Amino acid sequence: MEKIISAKISVIIPVYNVEKYLSQCLENIIHQTYTNLEIICINDGSADNSKNILKDYAKIDKRIRIIEKENGGISSARNVGIKEATGDYIHFIDSDDYIPLNYYEKMIKASDNTNADIVCSGFYFEECKEMSVYYKDTFILTNLYDKLYKTFINYFNYVWRYLIKTSFIKENNFYFINGKVYEDIGYTLELLIKANKVVIVPKVQYFYRYRKDSIVHNKKYNNDLTEAFLRYNKVLEKYDIKLLNLVLSIKYYKLFSKFTILKKFIYLNKTKYILLGFIQWKVVHAKLTNK
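Residues numbered from 1 in each chain as written. Predicted model: local features only at pLDDT ≥ 70, side-chain atom pairs only at ≥ 80, totals over all residues. Heavy atoms only, no water.

Trainee: Would you take a moment to explain helix 4 (residues 103–114) for this structure?
Mentor: Because each turn of an α-helix spans 3.6 residues, side chains separated by three or four positions in sequence point in the same direction. With 12 residues, helix 4 should cover 16 Å at 1.5 Å per step; its first-to-last C-alpha distance of 17 Å lies within 8% of that length. Asparagine 115 sits one or two positions beyond helix 4 and adopts a positive phi of about 60 degrees. (Helix = DSSP H or I, 4+ residues; strand = E, 2+ residues; numbered from the N terminus. Expected span 1.5 Å × (residues − 1).)

Structure below.
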């Protein structure tokens, strides 16, 4: 007889001027095969029809809570969500992205089986599928080296990859820096360092939508990106971490994000992608599976 899992997941969704994509995001959450969810939508001062879309969905699904606030950016919206969360786990999802219908079922089972502070999924990049990560096996990561390298934290530092214990976030006072873009670059690093263990879940991906008009692609926030990298490297210094290739360079990060993977080869039934880039980046190794 299959074990019944009763843990509640708090899904935190900052919403700002995403009327074109919001319905798809919400549809894929309310129809999840795992149903014990509270869906916290923080309307961060949207000027488009996002607010009305949220209200329509709240009428359909009572698990949806709408919190109205003045525009303060994604960091402040996520912080509000953390404070309001009553679930056992927290998942941050961007309102223009979406997840498969069995995403939470697979993630919560992995956490329940391992008692991990953090559960990590793969992800699919809409613009550049070659940079997507799709794990084919389960990995339980407990030592620092594995937690940082096998999650590829120095390349893919997105908080939406993780299902995180609420108690772990609140007991460690893990809140985002208000008013900053690229806020999760240092945040996710410290999460992984402090976690008792991280479990990687195979055959599940978060779908990231590329938008040229999104905040993270606006050049006026370049200073925020530079500051985020400085914070990331300061976290490494704080914990005296000197592992090879973990220090981030803003110059090479920008170049990496512009170029696709140029070559791939299959070795011992593992697909590895090789970035023909720069010396400081060297080789990116990812355990992926052929599709």
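And the narrative resumes.
Trainee: Is there a simple way to think about the environment of tyrosine 135 in this case?
Mentor: Relative to the helices and strands, tyrosine 135 is located in the loop between strand 5 (118–125) and strand 6 (139–141). For the pair formed by tyrosine 135 and proline 202, sequence separation is 67 residues and the distance between their alpha carbons is 4.6 Å. Within the structure, the side chain of tyrosine 135 is placed 3.0 Å from the backbone oxygen of lysine 150, a separation counted as a polar contact. (Polar contact = N/O pair within 3.5 Å; in protein donor to acceptor, adjacent residues only side chain to side chain.)

Trainee: Just checking my understanding: could you explain the pairing of strand 1 (residues 9–15) for this structure?
Mentor: Each regular strand shows side chains that alternate between the opposite faces of the sheet. With seven of seven residues buried, strand 1 lies mostly within the body of the structure. Both faces of strand 1 are covered, namely the face carrying Ile9, Val11, Ile13 and Val15 and the face carrying Ser10, Ile12 and Pro14. In the sheet, strand 1 pairs with strand 2 (residues 37–44) via seven bridges, with the strands oriented parallel. Bridged to valine 15 within strand 2 is asparagine 43. Once you follow strand 1 into helix 1 (residues 22–30) and on to strand 2, the crossover reads as right-handed. Summarising the sheet, strand 1 and strand 4 (residues 89–92) pair through four bridges and their orientation is parallel. In the sheet register, serine 10 faces strand 4, and the bridge partner there is isoleucine 90. (Buried < 20%, exposed > 50% of the residue type's maximum accessible area, 1.4 Å probe, protein only. Pairing = 2+ DSSP bridges. Right-handed = clockwise from strand over helix to strand, strands pointing away.)

Trainee: What am I meant to see in the side chain of serine 111 here?
Mentor: Structurally, serine 111 is set in helix 4. Serine 111 sits in the buried class, given a relative accessible area of 1%. The contact partners of serine 111, leaving out residues within four places of it in the chain, are Tyr89, Ala116, Val119 and Val199. (Contact = heavy atoms within 4.5 Å.)

Trainee: Please clarify how the pattern of salt bridges should be interpreted in this entry.
Mentor: The tally for this structure, following the rule as stated, stands at 13 salt bridges. For the salt bridge of glutamate 84 with arginine 65, the shortest nitrogen-to-oxygen distance reads 2.7 Å. A residue pair is termed long-range when its members are at least 10 positions apart, and glutamate 84 in helix 3 (residues 74–84) and arginine 65 in strand 3 (residues 64–69) qualify at 19 residues. A salt bridge links glutamate 183 to arginine 78, with the nearest nitrogen and oxygen atoms 2.3 Å apart. Here glutamate 183 is found in the loop between helix 6 (166–171) and helix 7 (184–194), whereas its partner arginine 78 is found in helix 3, with 105 residues between them in sequence. There is no split in this pair, since glutamate 183 and arginine 78 are both buried. Each member of the salt-bridge network shares a partner with another, and the members are Glu38, Arg65 and Glu84. (Salt bridge = Lys/Arg side-chain N within 4 Å of Asp/Glu carboxyl O.)

Trainee: How do you make sense of helix 2 (residues 50–60) when you look at a structure like this?
Mentor: Buried within helix 2 we find Ser50, Ile53, Leu54, Tyr57 and Ala58. Buried residues in helix 2, looked at end-on, bunch into an arc of 135 degrees, giving them a common side. Buried residues along helix 2 sit in contact with strand 1, helix 1, strand 2 and strand 3. (Arc of directions from axis to C-beta.)

Trainee: Before we go on, may I ask you to explain the environment of leucine 191 in this structure?
Mentor: Mapping leucine 191 onto the fold places it in helix 7. Note on leucine 191: relative accessible area 1%, which makes it buried. The spacing of leucine 191 and valine 159 is 32 residues in sequence and 9.4 Å in space, taken between C-alpha atoms. Sequence-distant contacts of leucine 191, defined by excluding residues within four places in its chain, comprise Ile118, Val159, Ile164, Phe168 and Phe174.

Trainee: Got a minute to help me understand the sheet that holds strand 3 in this structure?
Mentor: Within a sheet, adjacent strands bond to each other through the backbone by hydrogen bonds, running parallel or antiparallel. What the eight strands build is an open sheet, ordered 3-2-1-4-7-5-8-6; its pairing is mixed. Bordering the open sheet on either side are strand 3 and strand 6, each of which pairs with just one other strand. The average undirected angle you get between the axes of adjacent strands in this sheet is 30 degrees. Here three bridges tie strand 4 to strand 7 (residues 162–165), and the two strands are oriented antiparallel to one another. Looking at strand 7, one finds that isoleucine 90 is bridged to isoleucine 164. Packing against the sheet, helix 1 makes contact with strand 1, strand 2 and strand 3, and its axis sits at approximately 175 degrees to strand 1. Lying on the sheet, helix 3 is in contact with strand 1, strand 2, strand 3 and strand 4; it crosses strand 2 at an angle near 145 degrees. (Axes fitted to C-alpha atoms, helices over the stretch in contact; angles between N-to-C directions.)

Trainee: What exactly am I supposed to notice about the packing of aromatic side chains here?
Mentor: Aromatic ring pairs: the centre-centre distance and the angle between the two ring planes describe each pair. For the coordinates displayed, the defined rule picks out 22 aromatic pairs. Relative to phenylalanine 139, the ring of tyrosine 135 lies with its centre 6.5 Å away and its plane at 70 degrees, an arrangement referred to as edge-to-face. The pair tyrosine 135 / phenylalanine 139 is uniform in exposure class, with both members buried. One aromatic cluster is present, built from ring pairs that chain together Phe123, Phe125, Tyr155, Phe156, Tyr158, Trp160, Tyr206 and Tyr208. Directly above the aromatic system of phenylalanine 176 lies the positively charged group of arginine 78, at a separation of 5.3 Å from the ring centroid. (Phe/Tyr/Trp six-rings, centres within 6.5 Å; stacked < 30°, edge-to-face > 60°. Lys NZ or Arg CZ within 6 Å of the ring centre and 35° of its normal.)

That is the geometry; function is a separate question.
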